[in-house]
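Structural characterization, general
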Amino acid sequence: MPDRALSIVAIVGRPNVGKSTLFNRYAGHRRALVEDTPGLTRDRIAEEVEVGSRRLLLVDTAGLEPGAREELAGAVQRQAQEALTGADAVLFVVDGREGPLPLDREIADTLRRSAKPVALAVNKVDVPAHADRVAAFYELGLGTPQPVSAEHGGGAWDLLERLAETLPVPGETGGEEADDASLLRVALVGRPNVGKSSLLNQLVGSERVVVSEVPGTTRDAVDMRLDTEDGSLVLVDTAGLRRAARRQRVGERGGALMTVRALERARVALVVIDGAAGVTDQDAHIAALALERGCACALLINKWDLVKGQGSAEQLGQEIERRLRFLPDPPILRVSAKTGQRVDRIPAVARSLAGKGERRLSTSELNRWLREAVERHEPAMAQRGSRRRPLKFFYATQTGVSPPTFLLFCTDPLAIRPAYRRFLENRLRERFDFAGTPIRLRLRARREANG
Ligand code: GDP
Ligand code: GDP
């Protein structure tokens, strides 16, 4: 289950103030799960960082914009609004070189209306001589403006530390009830216009499905419970999707924050792709995020009614293979929200995927697997100073489910290369059929004499 001690922090501000530079600075300090996946290092949506004892999930709210056609002021306002509804805290970035501009004031007005913690970062304060740029931002009424230099790093971590201190301690807020762990929570995610809300409407419109609304456990979330012949599941955070479907307020379409928040609460992610448009960078980012957040992933290739002919279907298959190959063998369902084709199979796919991630393997079958894997491909020798010593594995045990988490004891965890770790993960996945499921491997040191 997702760890509740995680706080979501949205980074907002006008374009060009340095939001992405700051985000990347923080992101650079963490080794991402999909670190060496080509094309996924840039334009990431969310990044987890540790600040003291707190875990923060930083979200670049500009990361999932539908397009640049929207008027700037409107887009920025919407970003601020979304941050307030979706995040636990806001990191508001302004440009120290320019002083407070009208758009900064508008964002500040929106942010002041909420009780959520806001940190005001005055960026581009690169050298001590720039410090006099900071005071002008007191007028925004958001407390003490804090100087940073996203480019050079100055002040960046102090800023996060102070923000972390103002956050309510998770679990003590009283407002958030623990999600009922027996229910399967599923997130329907994808970039704008792939057909998420249409799929939701098809799903809840089916005569074979009984639908009930579950009051949101967190903030303003609305979940939907579907009881089907294949069992029950809960689609998390559907409020934004349904608003979009009714086209009530176009501005309320969910963006990066809604996606992150839904994934954080879900065990299974249904990543929706527009089959007619093919696989884009954004699709890949969303899929990677789902995996990183510990969700088992299935792909829903929507608009299948528009994919005509053997040629296009094959081309699409190759694209999925190439651009989403970091997904561990995900189930793929070709659907059409328009015609309803195969939509009724979605709940069964989600349940079967969740079932795989929930299994507990016995220590004896795990150890048999470990012995065989290591025999098949021995880890490289560990280099310690001038000595090279063989790396030895002792035993493995499963410490968690959804995602399946394993603890491996060995002589020198730091000497295990990422490629070898991946080898072990893949063997585990093959042997125990964890297709579509992320696997967490933890390595721990044990001295040889004890083994
Ligand atoms: P965003 O649109 O808010 O995400 O802004 P970017 O991160 O893309 O940065 C906009 C421009 O400001 C880029 O040219 C950055 O190199 C520059 N920039 C960002 N942070 C700093 C900083 O701390 N100091 C200086 N001098 N320039 C910065
Ligand atoms: P969302 O932004 O992901 O929620 O996407 P929507 O559900 O709003 O759909 C975006 C557009 O794609 C709308 O015009 C839908 O009518 C259309 N659409 C969605 N699903 C399908 C489908 O299966 N086939 C076709 N042809 N169009 C679809």
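The notes below deal with the structure included here.

1. Considerations on the pairing of strand S10 (residues 231-235)
Burial of S10 is extensive: four of the five residues sit out of reach of the surface. Relative to S10, strand S9 (residues 222-228) runs antiparallel, the two sharing five bridges. When the bridges of S10 are listed, Met224 appears paired with Leu235. What sits between the antiparallel neighbours S9 and S10 is a turn of two residues.

2. As for the packing of helix H2 (residues 72-86) against helix H3 (residues 102-112)
For any two helices packed against each other, one specifies the crossing angle of their axes together with the interaxial distance. Between H2 and H3, whose axes approach to 9 Å, the crossing angle comes to 25°. Between H2 and H3, the angle is such that the two are roughly parallel. Note that H2 runs across H3; the crossing there is right-handed. In this structure, H2 contributes Leu72, Ala73, Val76, Gln77, Ala80, Gln81 and Leu84 to the contact, and H3 contributes Leu103, Glu106, Ile107, Thr110 and Leu111.

3. Observations concerning the nonpolar core
The biggest cluster of nonpolar side chains holds 59 residues, and the ones touching the most others in it are Phe92, Leu111 and Leu324. At seven residues, helix H8 (residues 281-292) tops the list of elements feeding residues into this core. Discounting residues that sit within four places of it in the chain, Leu111 has contacts with Val12, Ala80, Leu84, Val90, Phe92, Val118 and Leu142. Listed in part, the 27 residues of the second largest apolar core include Leu184, Leu300, Val335 and Ala337.

Parameters at a glance
Residues numbered from 1 in each chain as written. Chains lettered and ligands numbered in written order. Predicted model: local features only at pLDDT ≥ 70, side-chain atom pairs only at ≥ 80, totals over all residues. Heavy atoms only, no water. Buried < 20%, exposed > 50% of the residue type's maximum accessible area, 1.4 Å probe, protein only. Helix = DSSP H or I, 4+ residues; strand = E, 2+ residues; numbered from the N terminus. Pairing = 2+ DSSP bridges. Axes fitted to C-alpha atoms, helices over the stretch in contact; angles between N-to-C directions. Parallel < 35°, antiparallel > 145°, perpendicular 65-115°, else oblique. Left-handed = near helix turned anticlockwise from the far one by under 90°. Contact = heavy atoms within 4.5 Å. Core = buried A, V, L, I, M, F, W, Y, C linked by side-chain atoms within 4.5 Å.

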